[in-house]
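Next come the chains, spelled out residue by residue.
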Amino acid sequence: MPDLLSNLNPEQHAAVTLLNEPALILAGAGSGKTRVIITRIAWLIQQGLASPATVLAVTFTNKAAREMMSRLSALLPIDTRGMWIGTFHGLCNRMLRAHHRDAGLPATFQILDTADQLSAIKRLMKGLNIDDEKYPAKNIQYFINNAKEQGLRPEDMDATENFNRKFVELYEVYDQQCQREGVVDFSELLLRCYELLAHNPPLRAHYQARFCHTLVDEFQDTNKLQYAWLKLIAGQNNTIFAVGDDDQSIYAFRGANVGNMRDFEHEFSVRNLIKLEQNYRSHGHILDAANQLIANNSRRLGKNLRTDAGHGEPVRVYESTTDSQEAGWIVEEIKALISTGTSRSEIAILYRSNAQSRTIEHALVNAGIVYRVYGGLRFFERQEVKHALAYLRLIDNPNDDTAFARVVNFPTRGIGARSIEQLADAARLYNCSMAAAIPYIAGKAGSSLAAFANLIGKMRAETQQMSLPETVEYVVRTSGLSEFYQNEREGQDRLENLQELVNAAAAFVSEEGYGMDTPARSIPLRPGATSTPELAVATDAPNTVVLDAPGIADPTQNPDTMTPLAGFLSHASLEAGDNQAQAGQEAVQLMTVHAAKGLEFTAVFITGLEEGLFPHENSAMESDGLEEERRLMYVAITRAKERLYLSFAQSRILHGQTRYNIRSRFFDELPQETLKWLTPKVEAGARWGGRSDNAGYGRDWFARPGYTGAASTTPAQLPAFANEQRAAEAGFRVGQQVFHTKFGEGTITALEGGGTDAKAQVKFKRHGEKWLALAVAKLQAVE
DNA sequence: CTACCAGTCCTTTTT
DNA sequence: GGACTGGTAG
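Residues numbered from 1 in each chain as written. Chains lettered and ligands numbered in written order. Predicted model: local features only at pLDDT ≥ 70, side-chain atom pairs only at ≥ 80, totals over all residues. Heavy atoms only, no water.

Enquirer: Sorry, what's going on with the pattern of salt bridges here?
Expert: Oppositely charged side chains can pair when the atoms bearing their charge come close. What the rule picks out here adds up to 47 salt bridges. Ionic pairing is found between D401 and R123, a salt bridge with its closest N-O pair at 4.0 Å. With D401 in helix 16 (residues 401-407) and R123 in helix 5 (residues 114-127), the pair connects residues that are 278 residues apart, well separated along the chain. A residue is classified by how much of its surface remains accessible, and D401, at 2% relative accessible area, is buried. With a closest N to O distance of 2.7 Å, R300 and D247 form a salt bridge. Here the residue R300 occupies a position in the loop between helix 12 (284-294) and strand 9 (315-322), and D247 occupies one in the loop between strand 7 (239-244) and helix 11 (259-267), the gap between them amounting to 53 residues. In this structure, R300 and D247 share a single accessibility class: buried. One salt-bridge network, in which partners are shared between bridges, spans K148, R153, D175, D185, E188, R192 and E195. (Salt bridge = Lys/Arg side-chain N within 4 Å of Asp/Glu carboxyl O. Helix = DSSP H or I, 4+ residues; strand = E, 2+ residues; numbered from the N terminus. Buried < 20%, exposed > 50% of the residue type's maximum accessible area, 1.4 Å probe, protein only.)

Put into structure tokens, the structure is as follows:
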């Protein structure tokens, strides 16, 4: 029996072996967090305190889930495939598939990704003749997802206010449309699963009895709905083991609620909050920098990272005149690093926003340094792949109008916009899907549409007995997609991606343990499974737990509640695939700070450390915005193992305009003794009251009087700041909320001039951006 | 239906 | 600066 505990430090040991109480583990960066979770699962099983079937482990990304499974099976000889380890969305999908009837969904329900959802909303709005200017589809999408993440259905929402009513109405119609089409979006997956458990006591009791240990990774990133789901599924006898780091919460903008950590601590009366503060990644100076920076945040749970590694090298700071000079300097440093033996893949260049990568890439290309950019299009998001998937979806579910609209005329088959509009009208009239409305269309348009329906019907019939890879291959060929891309000049890559899709299907089949010949569209029979899984009672399977609600399917004993095709389509939506340009190369790594979370590198460059960029100017408008930016900086710093570079530029071209920025306030928040300035440090001079707390935040975005910058700063560019300051004297500032009697609410985005010439640029919620003379316009401050 | 042009937007992103 | 969208001309 392997000794799982021998190499743990005391805090890790305590966390791993904690028994019969809810646990909150405050796990600092590089403190062995993943290791603790995996070791705990293994230890619980090894000690007989849990079986693989009674453990529920939740992560945010598929990558994290995969890592958990592979490291776990390395520790213990168990098959992790049947275990409930996965992402929130993946697990909810699994549960909804198993209980689709109770959840009110068809067995073949499909998952809309973000882009699908947006096009579904656009289609809906077009049909209702809703002004896209007044109600942008993106805003509707945001509203809907946000509502769902708060656990709110349309009927739960306040629709009394005029403006709000339209949103709520659209939310309601959108949900009806999804229901009719048999599709669910990402947030629906979670909310539907939550409601399934909330409204179905026997089912809830079943799962609550089944899971004795729930482990949650990156708990600080959970939103309200996810937390509610966890509480629901965990029930009484279950001990939740929540691992997270409030200082690394950087996803508030997508609904993450750091407050869940504090709430958990109180609601579950956590007795021992265990802090993992021993860092195994970074040298001392780097940690000192991170610790002192993050100490500027308020409302922290509080921790301080420490290391045995010694101080190491100082943090190097570089000031450049321009962004391209910054890039040039980075290239020189990287050359030096490489020549002294640092592997390219151990060097990372981080930036706050993607727009910054171009200049750096340019310099790297010129210097002939191989690099790799994270982010961008992912495999299952490519248009040719999405087209092929749309055909596959139609085979499984002809009512999926999103898929239908996508490929009804791709490749072109003489079905124009007018025909499609006609069809959509008929579908609305008869309250059916577009496919079902085809018989109602007469004339030439009708016959082209009928031909398309026949094509899909033929595909459905002919793939009946085919395996999944065969089906995919067949669809790519029969749909005309391969022919289309063959004839297109730039179609070669797309053709290859379609072939890759066939390979992906084959890989999926083998990873999921289906036989290669299993028909793609029947539920495979494996030992322990029955042909009607949702009615099956799993009493004789291994690791069986007592089922207190007989008749409830248990997806762990009966994982085959999905056909291979449905599984593959879910997989394509839930796991969009690699977003790395060229994987596996020995290359310098370029990515945003967000993308770097969880990774580590020997040498790290944090670039563009300027006011307005990092911290980002938009964050000034959000409450808690600066603190989130600071956490982001904290994440960035703690990626570095041995060497950390911080750089900023006096001027930078952004969106085609040259901006003159001053260095980030974060420099003032770092311990000066850990910094080594490669360029002379220029004192910033007195700031407005010298405040760096939230109260003064937003006031001094682009203007700190007294800042002279380096000698090369063009004086002609500086009056812009001076102008803003004078306008600011009138009592307004950038980022401020204002009210105008005619235009309503808005936010000041720029200020110019002074005295009687003072003007403010205001972005109104409903009327766009306008320049207003302060002497004329009656602007009221909203605070 | 395609091709081209003008207008618009631009923080971060996983599922 | 550049990617994407929507509109219109051919």
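So that's the structure; there's more coming.
Enquirer: How do you make sense of the sheet that holds strand 8 (residues 273-276) when you look at a structure like this?
Expert: Across the sheet, which stays open at both edges, the six strands sit in the order 3-2-6-7-1-8 with parallel pairing between neighbours. Each having just a single partner strand, strand 3 (84-87) and strand 8 make up the two edges of the open sheet. Averaged over neighbouring strand pairs, the angle between their axes works out to 15 degrees when direction is ignored. In this structure, strand 2 (residues 55-59) lies alongside strand 3, joined through four bridges in parallel fashion. Counted as the bridge partner of A57 is I85 from strand 3. Taken strand by strand, helix 1 (residues 10-17) contacts strand 1 (23-27), strand 7 and strand 8, and its axis lies near 140 degrees from that of strand 8. Contacts between helix 4 (residues 88-98) and the sheet are confined to strand 2, strand 3 and strand 6 (213-216), with strand 3 contributing the most and set at about 120 degrees to the helix. (Pairing = 2+ DSSP bridges. Axes fitted to C-alpha atoms, helices over the stretch in contact; angles between N-to-C directions. Contact = heavy atoms within 4.5 Å.)

Enquirer: Help me understand the protein's contact with DNA strand C, please; the structure alone is not making it clear to me.
Expert: Every residue close to DNA strand C is listed here: R358, H655 and G656. Here the atoms of DNA strand C within 4 Å of the protein split so that 27% fall in sugar or phosphate, with bases taking the remainder. Between DNA strand C and H655 there is a distance of 3.5 Å, counted from a base oxygen to a backbone nitrogen or oxygen. (Near = heavy atom within 4 Å. Polar contact = N/O pair within 3.5 Å; in protein donor to acceptor, adjacent residues only side chain to side chain.)

Enquirer: Help me understand the packing of helix 10 (residues 224-234) against helix 11, please; the structure alone is not making it clear to me.
Expert: When two helices pack together, their arrangement is given by the angle between the helix axes and the distance between those axes. With their axes 11 Å apart at the nearest point, helix 10 and helix 11 run at an angle of 25 degrees to one another. The angle between helix 10 and helix 11 places the two elements in the roughly parallel class. Note that helix 10 runs across helix 11; the crossing there is right-handed. For the pair formed by helix 10 and helix 11, the contact residues are K224, Y227 and K231 on the first element and N260, D263, F264 and E267 on the second. Looking at the contact of helix 10 with helix 11 residue by residue, the class counts come to two nonpolar, one polar and four charged. (Parallel < 35°, antiparallel > 145°, perpendicular 65-115°, else oblique. Left-handed = near helix turned anticlockwise from the far one by under 90°. Nonpolar A, V, L, I, M, F, W, Y, C, P; charged D, E, K, R; others polar.)

Enquirer: Where do I start with the packing of aromatic side chains in this structure?
Expert: How two aromatic rings sit relative to each other is set out by the distance from centre to centre and by the angle between their planes. In this structure the tally under the stated criterion is 27 aromatic pairs. Here the aromatic rings of F379 and F380 are separated by 5.1 Å at their centres, their planes lie at 75 degrees, and the arrangement is edge-to-face. The buried category is assigned to F379, whose relative accessible area is 15%. When the ring of F648 is compared with that of F667, the centres are 5.1 Å apart and the planes differ by 55 degrees; the resulting orientation is tilted. Of the two residues, F648 is situated in strand 14 (residues 640-654) and F667 in the loop between strand 15 (657-660) and strand 16 (675-677); the sequence distance between them amounts to 19 residues. Here F648 matches F667 in class, with each residue buried. Grouped by ring-pair contacts, the aromatic residues F219, Y227, F264 and F268 constitute a single cluster. One cation-aromatic arrangement involves R97 over F109; the distance from NZ or CZ to the ring centre is 3.7 Å. The side chain of R254 reaches across the aromatic face of Y251, ending 3.6 Å from its centre. (Phe/Tyr/Trp six-rings, centres within 6.5 Å; stacked < 30°, edge-to-face > 60°. Lys NZ or Arg CZ within 6 Å of the ring centre and 35° of its normal.)

Enquirer: It is not clear to me how unusual backbone geometry should be interpreted in this structure. Could you clarify?
Expert: What you tend to see is this: most non-glycine residues have negative phi, and most peptide bonds are trans. In this chain, F410 is followed by P411 through a cis amide linkage whose omega measures -5 degrees. Residue position: P411 is located in the loop between helix 16 and helix 17 (417-429). Cis rather than trans, the peptide bond between F614 and P615 has omega equal to 10 degrees. Structurally, the position occupied by P615 is in the loop between strand 13 (601-606) and helix 25 (625-637).

Enquirer: Help me understand the protein's contact with DNA strand B in this model?
Expert: Around DNA strand B, the surrounding shell holds 27 residues, and the nearest of these are T114, R352, N354, G416 and T592. At the protein interface, 55% of the atoms of DNA strand B within 4 Å belong to sugar or phosphate. Measuring from a base oxygen of DNA strand B, one finds a side-chain N or O atom of H89 at 3.4 Å. Between T114 and DNA strand B, the recorded distance is 2.6 Å, taken from a side-chain N or O atom to a base oxygen. Split into classes, the residues belonging to the surface near DNA strand B amount to seven nonpolar, 16 polar and four charged.

Enquirer: In this structure, what is going on with helix 9 (residues 201-210)? I would like to understand it.
Expert: Since the α-helix packs 3.6 residues into each turn, any two residues three or four apart lie on the same face. Taken as a whole, helix 9 has its buried residues at L203, H206, Y207 and R210. The buried residues of helix 9 occupy one face: seen down the axis, they fall within an arc of 90 degrees. (Arc of directions from axis to C-beta.)

Enquirer: I keep staring at the pairing of strand 2 and nothing clicks. Help me out?
Expert: Two faces make up the sheet, and in a regular strand the side chains alternate between them. Most of strand 2 is tucked away, with five of its five residues classed as buried. Residues of strand 2 alternate between two faces, with V55, A57 and T59 on one and L56 and V58 on the opposite face, all of them buried. Pairing of strand 2 with strand 6 involves four bridges; the strand directions are parallel. Looking at strand 6, one finds that L56 is bridged to T214.

Enquirer: What exactly am I supposed to notice about the side chain of S31 here?
Expert: Examined against the element boundaries, S31 turns out to sit in the loop between strand 1 and helix 2 (33-46). Relative accessible area serves as the criterion here: at 1%, S31 is assigned to the buried category. Separated by 2.7 Å, the side chain of S31 and the backbone oxygen of G28 make a polar contact. Look past the residues within four positions of S31 in its chain and what remains in contact with it is Q12, L276, Q278 and Y280.

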